[in-house]
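Spelled out, the chains give:
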Amino acid sequence: RVNPQRAAGMSTSGDAQATRPPHQPIRRICCIGAGYVGVPSSAVIASKCPDIDVTVVDISAAKVAAWNSDRHPLYEPGLSELISQTRGVNLHFSCDMIGPLEGADLVFICVNTPTKAYGLGQGKAADLTTLEAAARHIVRTASQPKIVVEKSTVPVRAAESICTILRANERPGVRHTVLSNPEFLAEGSAVQDLLRPDRVLIGGERTDEGQEAVQRLVSVYARWVPKERLVTMNLWSSELSKLVANAMLAQRISSINAASAICEATGADVSEVALAVGADSRIGPRFLCASLGFGGSCFQKDVLNFGVPCLNLPEVARYWESVVTLNQYQKYRFADKIIVDLFNTVKGKRIAVLGFAFKKDTGDTRESPAIDVCRRLIDEGALLRVYDPKVASSQIRLDLNQPEPDEASDAAVLTVRLLSCEGAHAVVICTEWSEFSQLDFGRIFASMAKPAFVFDGRNVLDHEALLRIGFRVRAVGKRLDCGGV
Ligand SMILES: NC(=O)C1=CN([C@@H]2O[C@H](COP(=O)(O)OP(=O)(O)OC[C@H]3O[C@@H](n4cnc5c(N)ncnc54)[C@H](O)[C@@H]3O)[C@@H](O)[C@H]2O)C=CC1
Ligand SMILES: O=C(O)[C@H]1O[C@H](OP(=O)(O)OP(=O)(O)OC[C@H]2O[C@@H](n3ccc(=O)[nH]c3=O)[C@H](O)[C@@H]2O)[C@H](O)[C@@H](O)[C@@H]1O
């Protein structure tokens, strides 16, 4: 069993390396999970470590086939280029769940760990089914010792469960080691984040074998990450640090979004407030953009997961839950403002929605705030035209529970393209794609029903210019044409 008593303080890689004998270099890596984390991480390792062979495996044959083709299953700037340099050289994608694993020195677990959708802890706890399946698969398959690296985001002490499963099923003489190496990349900048990480955390047991495994993984990252950014610590600190980081980032957005509601009520401007607050070096300027709410597959999941109902800390749980509650409020506050400002009814009105991904530079729609906003408008009888440069129309229909259009698609509730804004009562910005600020709003205005509204859920447009054209403009945390001082 993992022994938490052996845990020691945090250190950076240089300290430990100096006192230890040279360790066996990592030659082969198997990554379980060909998703947003597994593939960029593997591609960066392959490109930075030509002597390491990396194979990404997944239970989804369709996904593996797509990674082996030129039509990759997800969009991430710079990733296709990396893959074209390394695929077939030292980066491979495979459905063979046995061979690559058996040959690997080190196995990254990068499977999804979503919020439980059923039973005990439904809607809050992490569903660790895939993580456990991966651990059982490793121990069933491996006839040689492996370094098993938990890269998926997990509740604190998940490594203990993995370890227990491994220990109970290991073959005689085969002892695997578990490390925590949480990933901090953000979608849309994954490749850059991996190439230049603020820090790489590696948590391991403070036993000789645990520390040997830590150093072997350190030596992989040390090829391109400065050693002062390679931070080693105990397993539980590493697992918890990931959750705290995401929870604090989400909390920051909910804080500025709470301020945005006060701005709208008072006439203060949230961009000015963010500038002033962020100038304090203790706070810093990043991650203070008020919005229609945060999205993505992780923030809500990790904040709730961090609320730790099982640890019986109800005050702590309530504190973190309020970050999510405020986010829900912000999404519906934005949607309801559209309805109220369009004279309390959107029934039968055309509304052009620009952007559907949860942020720019990704095609990912998981927990996108656009979904809640669009659903609210559809429920109120609006006719939506949704456009996103990177989200497939079939995905938008799936997220909004709308069937594929038939011949009479113009009468459909949802049109997933934007031929024009002709006849629309409002343009709604849900994602901050750069191309939206380049649109010819003069022409758009001319084609729209009047009065013509713009609801900027990301504060990315030139509001003064829009007002001059004649739009009624609503933005997050600002009073524009409705009575500011
Ligand atoms: N998406 C992101 O930006 C980040 C995600 N994370 C964390 O990383 C983990 C993975 O997230 P994503 O890459 O977004 O998920 P994803 O859903 O894109 O990819 C997970 C992949 O694992 C595969 N998989 C599931 N069970 C498997 C099994 N038993 N054997 C083989 N393959 C299996 C799935 O088919 C899927 O392709 C999660 O814990 C997430 O919280 C951490 C940092 C950033
Ligand atoms: O664990 C994870 O999955 C990752 O979650 C986030 O990354 P990601 O969700 O990809 O994207 P972010 O840039 O953090 O944005 C999250 C959401 O917050 C919104 N946001 C972000 C910043 C801001 O100032 N305002 C704001 O509304 C974004 O539009 C988006 O909807 C973290 O930034 C990563 O460090 C972490 O690894």
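Residues numbered from 1 in each chain as written. Chains lettered and ligands numbered in written order. Predicted model: local features only at pLDDT ≥ 70, side-chain atom pairs only at ≥ 80, totals over all residues. Heavy atoms only, no water.

Novice: Honestly, the overall build of the chain in this entry has me stumped. Any pointers?
Specialist: Looking only at helices and strands, one finds 17 helices and 15 strands in the chain. Over its C-alpha trace the chain gives a radius of gyration of 25 Å, about what one expects of a compact globule, namely 23 Å for 485 residues. Reported as C-alpha extents along the three principal axes, the dimensions of the chain are approximately 75 × 50 × 40 Å. Across the 485 residues in the chain, those meeting the buried criterion constitute 52%. Sequence-distant contacts, at least 24 apart, represent 76% of the contacts inside the chain between residues at least 6 apart. When the accessible area of the chain is evaluated, it comes to approximately 21500 Å², of which 53% is carbon and sulfur surface. Treating the 55 positive side-chain charges of the chain as one cloud and the 54 negative ones as another, the clouds have centres 2 Å apart. (Helix = DSSP H or I, 4+ residues; strand = E, 2+ residues; numbered from the N terminus. Rg over C-alpha atoms; globule rule 2.2 N^0.38 Å. Buried < 20%, exposed > 50% of the residue type's maximum accessible area, 1.4 Å probe, protein only. Contact = heavy atoms within 4.5 Å. Areas by Shrake-Rupley, 256 points an atom, 1.4 Å probe, with all protein chains shown as cover. Lys, Arg positive; Asp, Glu negative; His and termini not counted. Charge placed at Lys NZ, Arg CZ, Asp CG, Glu CD.)

Novice: Help me out: how do you make sense of the pairing of strand 8 (residues 200–203) in this one?
Specialist: Regular strands show a simple pattern: their side chains alternate between the two faces of the sheet. Side chains V200 and I202 of strand 8 all project onto a buried face; the interleaved residues L201 and G203 project onto the opposite face, where all are buried too. As paired strands, strand 8 and strand 9 (residues 230–233) are joined by 4 bridges and run parallel to one another. Within strand 9, the residue paired with L201 across the bridge is V231. Following the chain from strand 8 across helix 9 (residues 208–221) to the adjacent parallel strand 9, one finds a crossover that is right-handed. (Pairing = 2+ DSSP bridges. Right-handed = clockwise from strand over helix to strand, strands pointing away.)

Novice: When you look at the side chain of T153 in this model, what are you seeing that I'm missing?
Specialist: Structurally, the position occupied by T153 is in the loop between strand 6 (147–150) and helix 7 (158–169). Classification of T153 by relative accessible area gives buried; the value is 11%.

Novice: Can you help me understand the nonpolar core in this one?
Specialist: Among soluble globular proteins, nonpolar side chains are generally buried collectively. Counting 43 residues, the largest nonpolar core has F108, L217 and Y221 as the members making the most contacts within it. With 6 residues, the single largest contributor to this core is helix 9. With near-sequence residues (within four places) excluded, F108 lies in contact with I29, C30, C31, I32, I45, V149, K151, N181, L217 and Y221. One finds I371, A426, F453 and V476 within the second-largest nonpolar core, a separate group that totals 35 residues. (Core = buried A, V, L, I, M, F, W, Y, C linked by side-chain atoms within 4.5 Å.)

Novice: Help me out: how do you make sense of the site of ligand 2 in this one?
Specialist: In the region of ligand 2, 20 residues are neighbours, and L185, E187, S291, C298 and R458 sit closest. A distance of 2.7 Å separates an oxygen atom of ligand 2 from a polar atom in the side chain of S291. In this structure, R458 approaches ligand 2 through a side-chain N or O atom, which is 2.6 Å from an oxygen atom. In isolation ligand 2 offers 700 Å² of accessible surface; the protein chains occlude 89% of this area. Broken down by element, the shell around ligand 2 gets its largest block of residues, 4 residues, from helix 10 (residues 235–266). Across the shell around ligand 2, the residue classes tally to 12 nonpolar, 3 polar and 5 charged. Mapped onto the domain boundaries, the shell around ligand 2 takes at least three residues apiece from domain 1 (28–225) and domain 2 (236–484). (Near = heavy atom within 4 Å. Polar contact = N/O pair within 3.5 Å; in protein donor to acceptor, adjacent residues only side chain to side chain. Nonpolar A, V, L, I, M, F, W, Y, C, P; charged D, E, K, R; others polar. Domains from an automatic or database assignment.)

Novice: I would appreciate a short explanation of the pattern of salt bridges in the present structure.
Specialist: Side chains that carry opposite charge are capable of pairing whenever their charged atoms lie near each other. This structure, assessed with the given rule, holds 21 salt bridges. Residue K331 pairs with D372 through a salt bridge whose shortest N-O separation is 2.9 Å. With K331 in helix 13 (residues 314–341) and D372 in helix 14 (residues 369–379), this pair connects stretches of sequence that are 41 residues apart. Assessed through its relative accessible area of 3%, K331 is described here as buried. Residue K337 is joined to D341 by a salt bridge in which the shortest nitrogen-to-oxygen separation is 3.6 Å. In this pair, K337 and D341 both sit in helix 13, 4 residues apart, roughly one turn of the helix. Each member of the salt-bridge network shares a partner with another, and the members are R27, D51 and R223. (Salt bridge = Lys/Arg side-chain N within 4 Å of Asp/Glu carboxyl O.)

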